[in-house]
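Read off the chains here:
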Amino acid sequence: MIEPMPIAPIRVFNTMSQSKEEFKPLRASQVSIYVCGPTVYDFIHIGNARTFTVFDTVVRFLSFVGYEVNYVRNYTDVDDKIIQAAMRMGERPLALAERFIEAFEEDAAHLKLLVPRVAPRVSMHMEEIIEMVGVLEAKGFAYASGGDVYFSVSSYPGYAELSKRELKEMRAGERIAVTEQKREPLDFALWKAAKPGEPSWPSPWGPGRPGWHIECSAMSAKYLGETFDIHGGGGDLIFPHHENELAQSQAASGKPLCNYWMHCGFLDLAGAKMSKSLGNTIGLRDALSRVDADSLRFFFLSTHYRNPLKFSDKSLGDAQARIGYFYESLQLLETLALPPTTEEPKAERPYLEEFQTAMCDDFNTASALAVLSELFNEVNLLGRKHLPHKANAKTWARLSHLRSQAKAMGKILGLFEEEPSVWLDRRKQALIAARKVDVLKIEELVALRQKAREAKDFAQADVLRRELGELGVELRDTPKGPEWKLV
Ligand code: AMP
Ligand code: ZN
C-alpha cells in the first residue's frame, strides 16, 4: 500500500499536551478515530452539528491525503435524558431513541456528513460494557454498592490529567448527599441498579443499565482496539465524560486510550454556549430550512474549530453569499465549456497546495477557505476578462486546472456536491418568493435591453439596466446570452 503523502507534516492540537503535535498514526496508512455522537432524545441543534461537521472535515481531509480512515461515531441511546423524555411523551425509551436516530441520520445526510464506518449503539453493547465493568472491579478500580458499581477515582493515579483539574479543589467543591452509595464524592457510576419503569439489562450486580461514560470505553475498544489515534468531541465533553472514559479505559487495559485528543469549540448564541438546558438553541432542521447545507458548512468552517463561533443571522447570510459566489464561479467554468486539454497549466499560484498546507496546520479550515476564495477570484478575473474570445490554449489549461483544484477542495470541505445551475436556480427561486418579485416584468425588461444592444442603442440599453438595478436585479452578459440574478 502506498503511504499517504500530505503536503506538509500534519499537526494536531492535542488537548492532553495543550500543544500542536506532529500527527503520527499507529499504523502507517490507517487512522482510527472515535467521535462521541449524539444523545438521541431530541433533534440535534446547530451547536452539535458544528462539532460533527468539524470531525467530518477532519475525516475527509485525512482520506484525501491517502489514509484509510476507520471512523466510529456512537449513539447514546440509553441515558437519563432519554428516559425522562420518554416518560413525558408516554413512549418506550428505546423506541424514542430509535426515532431520533432515524431523524439524526436524515439530517446528517442533508448536511453531507459522511456515514461513519460504524455507528454503534449502547443498547447493543451490553455484553462488552458489563465485561469491562467486571474487569475494573476485578482489578480493584471499581466497587459494587447496593446494585450500583462505581469507579474509584482515588484508585487511579492519573485522574484529571486531561482536564487539568485539581483533585483537592474538586473534592472540596462536591456536595453529595449522605445517602449516596459512593465511597468518595468524585467516584462515578459504571453501572446503575434498575429503577422501576426504566429499561434494564441483567448483570452480575443485578438488573441495571450502564453509567454514561463506560459506553465509549467499551465501544471504542471493540471497534478500534485498546489504543487508537484520535478521540474527538465538543469541548464540554473534556470533563467529566472524556476524563472518565480515559480513566476507565486505561485502568482496564493498562494502555493509553488514544494518542490525540481533539475538542471542538462551542457554537454560541446570545453570549452563551448553545445548549438545550439554556434554551438558546436553533435546530439543525430549522437552520437547513433557511439555508442550504453548503452555506451552513461554510459558516461552521469559516472559524478555526478550536475557537468559539458566534451565531447570527448576518453571519449565516454572509456564508450564503460566499457560497453563492463560489457556485457562480463554478457555473462560469461550466458555461465556458472548457475543452479537454493536454497543455500544461502555467506555473501560477498552487492553490491546492496552499489549501493543504492550511489543513495540515491543525485543520485550519478558515485559512483553507480563504485560499478557495482567492482561487475563485482568479477564475472570475480570467474567465470574465479574457473569455471566450481571447482565450489561448494556456488560459484554457489554467482554467481547467483551477476547476479541478476547486472540486478537490470542495470534496475535502463537503461542498459543491450539487450542480451549480441547480444550486443557483434554487437560490433564485427562494429570493423571488421571499421578495415577491414580478418575474415576467423582469424578463420583459431584460429582453428589451437585449434588443436595444443588438440595435446598438447603448443609451437605451443602459437606461433599462438601471431600471432593472432599481428592482434589485443584476445583469450579466454571458456567451449564452444575458443572465439575471437578484442581489
Ligand atoms: P450531546 O448530544 O449533548 O452529547 O452532544 C453531541 C455533541 O455536540 C458533543 O460532541 C458535544 O460536545 C457537542 N456540542 C454540544 N453543544 C455544543 C455547542 N454549543 N457547540 C459545539 N459543540 C457542541
Ligand atoms: Zn463518548
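Residues numbered from 1 in each chain as written. Chains lettered and ligands numbered in written order. Predicted model: local features only at pLDDT ≥ 70, side-chain atom pairs only at ≥ 80, totals over all residues. Heavy atoms only, no water.

Caption draft 1: Quick peek at the site of ligand 1. Around ligand 1, the surrounding shell holds 18 residues, and the nearest of these are Thr-39, Thr-51, Asp-236, Leu-267 and Met-274. Between ligand 1 and Thr-39 there is a distance of 3.0 Å, counted from an oxygen atom to a backbone nitrogen or oxygen. Protein chains shield 91% of the accessible area of ligand 1, which is 490 Å² for the free molecule. The set of elements that each furnish at least two residues to the shell around ligand 1 consists of helix H1 (46-64) and strand S9 (228-234). In terms of residues, the shell around ligand 1 owes the most to one element, H1, which gives four residues. Partitioning the shell around ligand 1 into residue classes produces seven nonpolar, nine polar and two charged. (Near = heavy atom within 4 Å. Polar contact = N/O pair within 3.5 Å; in protein donor to acceptor, adjacent residues only side chain to side chain. Areas by Shrake-Rupley, 256 points an atom, 1.4 Å probe, with all protein chains shown as cover. Helix = DSSP H or I, 4+ residues; strand = E, 2+ residues; numbered from the N terminus. Nonpolar A, V, L, I, M, F, W, Y, C, P; charged D, E, K, R; others polar.)

Caption draft 2: Focus on the coordination of the zinc ion (ligand 2). Protein ligation of the zinc ion (ligand 2) involves Cys-36 (SG), Cys-216 (SG), His-241 (NE2) and Glu-245 (OE), the donor distances falling in the range 2.0 to 2.7 Å. Seen from the zinc ion (ligand 2), its four donor atoms lie at angles of 74 to 129°, and the figure they make is irregular. The sequence pattern formed by the donor residues of the zinc ion (ligand 2) is C-x179-C-x24-H-x3-E. With a gap of 205 residues between them, Cys-36 in the loop between strand S3 (30-35) and H1 and His-241 in helix H7 (residues 238-253) connect regions that are remote in the sequence. As far as burial versus exposure is concerned, Cys-36 and His-241 are alike and both buried. (Donors = N, O, S within 2.8 Å, 3.2 Å for Na, K, Ca; no water. Tetrahedral: all angles 85-135°; square planar, octahedral: opposite > 155°, others 65-115°. Buried < 20%, exposed > 50% of the residue type's maximum accessible area, 1.4 Å probe, protein only.)

Caption draft 3: The packing of aromatic side chains, seen in detail. Enumeration over the complete set of coordinates arrives at 22 aromatic pairs. Measuring from centroid to centroid gives 6.4 Å for Phe-141 and Phe-151, while their planes differ by 5°, and the two rings are stacked. Pair noted here: Phe-141 is in the loop between helix H4 (126-138) and strand S5 (142-145) and Phe-151 is in strand S6 (residues 148-151), with a separation of ten residues, a long-range link. Exposure remark for Phe-141: the relative accessible area of 17% places this residue in the buried category. You can call Phe-151 buried: its relative accessible area is 0%. Pairing Tyr-327 with Phe-416 gives two aromatic rings, centres 5.6 Å apart and planes at 80°, and the pair type is edge-to-face. Taken together, the positions of Tyr-327 in helix H10 (residues 313-335) and Phe-416 in the loop between helix H13 (393-413) and helix H14 (420-435) put the pair 89 residues apart, joining distant regions of the chain. Here Tyr-327 matches Phe-416 in class, with each residue buried. Here a set of aromatic residues connected by ring pairs shows up, and it is made of Phe-298, Tyr-325, Phe-326, Tyr-327, Phe-376, Phe-416 and Trp-423. (Phe/Tyr/Trp six-rings, centres within 6.5 Å; stacked < 30°, edge-to-face > 60°.)

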